Amino acid sequence: MLPRRGGVDHPADPDIIAEEEAGMDVRITELTPANYEEAYRIRAESEGIGLSAADSKEAITRYLARNPGMSFVARVDGKMVGAVLCGHDGRRGMLHHLAVDRAYHRQGIGRQLAERCIRALEAEGIDKCHIFVFSKNERALKFWKRLGWYERVELVLMSRDIS
């Protein structure tokens, strides 16, 4: 279990409510195919996130089925304001497309989503997690570094199109 700001630990339950520094109630719930469109909109409107055919509803539905209880959305007053995809291969975790509505930046919502994913991975016995960040996305790089993530300069990402 990871401590949240203020030293309060929260179990990895599927419907945690967290009080943020700004005084708003942020509800973190599981990302499901039913709220795909809202989550996609937030990611599409966010700078520094690259979307492709791999982000179709069909593909994301498959991803969520392979990784149940690992991906989350954030809501304030019922409005979805953030989303993140999370999963693992049995050894390493992976976060994808963490995005927060620009009007809600700098209020701890991205941190809450990332921590929620880490707790879910930890509950599955996963002890390391990776993320992809575009090298020129300075804002995202600073965000992740503030949360304790570090750059793996000794690695090169390589890809191959299959179809």
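Residues numbered from 1 in each chain as written. Predicted model: local features only at pLDDT ≥ 70, side-chain atom pairs only at ≥ 80, totals over all residues. Heavy atoms only, no water.

1. So, the overall build of the protein
So, point 1. Secondary structure summary: the protein contains four helices and six strands in total.
So, point 2. Shown N-terminal to C-terminal, the secondary structure of the protein runs as helices and strands in the order β-β-α-α-β-β-β-α-β-α.
So, point 3. Residue burial in the protein is summarised as follows: out of 163 residues, 42% are buried.
So, point 4. In the protein, once contacts between residues fewer than 6 apart in sequence are set aside, the share between residues at least 24 apart is 60%.
So, point 5. A total of about 9,900 Å² of accessible surface is found on the protein, and carbon and sulfur atoms cover 53% of it. (Helix = DSSP H or I, 4+ residues; strand = E, 2+ residues; numbered from the N terminus. Buried < 20%, exposed > 50% of the residue type's maximum accessible area, 1.4 Å probe, protein only. Contact = heavy atoms within 4.5 Å. Areas by Shrake-Rupley, 256 points an atom, 1.4 Å probe, with all protein chains shown as cover.)

2. Things to note about the pairing of strand 5 (residues 93-100)
So, point 1. With respect to burial, strand 5 is a largely interior element, seven of its eight residues being buried.
So, point 2. Two elements, strand 4 (residues 79-88) and strand 5, share six bridges in a ladder whose sense is antiparallel. When the sheet's bridge partners are listed, Gly-82 is paired in strand 5 with Val-100.
So, point 3. With antiparallel pairing between neighbouring strands as the criterion, strand 4 and strand 5 make up a hairpin whose turn holds four residues, including Gly-90 at a positive phi of roughly 100°.
So, point 4. Crossover connection from strand 5 via helix 3 (residues 109-123) to parallel strand 6 (residues 129-131): handedness right-handed. (Pairing = 2+ DSSP bridges. Right-handed = clockwise from strand over helix to strand, strands pointing away.)

3. Section: helix 2 (residues 57-66)
So, point 1. Listing the buried residues of helix 2 in full gives Ala-59, Ile-60 and Leu-64. Buried residues of helix 2, seen end-on, are gathered within an arc of 135° and therefore sit on one face of the element. Residues of helix 2 that are exposed and point more than 90 degrees away from the buried face comprise Glu-58, Ala-65 and Arg-66.
So, point 2. Its buried side turned inward, helix 2 meets helix 1 (36-44) and strand 4. (Arc of directions from axis to C-beta.)

4. As for the confidence of the model for the protein
So, point 1. Residues of the protein with pLDDT of at least 70 account for 86%, and the chain-wide mean is 87.
So, point 2. Mean pLDDT across the elements of the protein bottoms out in strand 1 (residues 15-19) (41) and peaks in strand 4 (98).
So, point 3. Scored below 50 in pLDDT, residues 1-21 shows 61 contacts in the model against residues more than four places distant or in partner chains. (pLDDT = per-residue confidence, 0-100.)

5. Thoughts on the pattern of salt bridges
So, point 1. A full pass over the atoms with the stated rule returns nine salt bridges.
So, point 2. For Lys-57, the salt bridge identified is with Glu-37, shortest N-O distance 3.5 Å. With a gap of 20 residues between them, Lys-57 in helix 2 and Glu-37 in helix 1 connect regions that are remote in the sequence.
So, point 3. With its nearest N and O atoms 3.2 Å apart, the salt bridge here joins Glu-58 to Arg-62. A residue pair is termed a helical-turn pair when its members lie 3 or 4 positions apart in one helix, as Glu-58 and Arg-62 do in helix 2 at four residues.
So, point 4. By relative accessible area, Glu-58 is classed as exposed at 59%. (Salt bridge = Lys/Arg side-chain N within 4 Å of Asp/Glu carboxyl O.)

6. Here's the deal with the packing of aromatic side chains
The geometry of two aromatic rings is summed up by the distance between their centres and the angle between their planes.
So, point 1. Throughout the structure, instances matching the rule amount to three aromatic pairs.
So, point 2. Between the aromatic rings of Phe-143 and Trp-144, the centroid separation amounts to 4.9 Å while the plane-to-plane angle is 80°, which identifies the pairing as edge-to-face.
So, point 3. With a relative accessible area of 18%, Phe-143 lands in the buried category.
So, point 4. Measuring from ring centre to ring centre gives 5.1 Å for Trp-144 and Trp-149, while their planes differ by 70°; the resulting arrangement is edge-to-face.
So, point 5. Overall, the relative accessible area of 9% leaves Trp-144 in the buried class.
So, point 6. Look at Trp-149 and you get buried, because its relative accessible area is 18%. (Phe/Tyr/Trp six-rings, centres within 6.5 Å; stacked < 30°, edge-to-face > 60°.)

7. Some words on a positive patch on the surface
So, point 1. Together, Arg-102, Arg-106, Arg-139, Lys-142 and Arg-146 make up a positively charged patch on the protein surface.
So, point 2. When its relative accessible area of 51% is taken as the criterion, Lys-142 is described as exposed. (Patch = residues over 30% accessible without salt bridge, like charges linked within 9 Å, V, L, I, M, F, W, Y side chains within 5 Å. Lys, Arg positive; Asp, Glu negative; His and termini not counted. Charge placed at Lys NZ, Arg CZ, Asp CG, Glu CD.)

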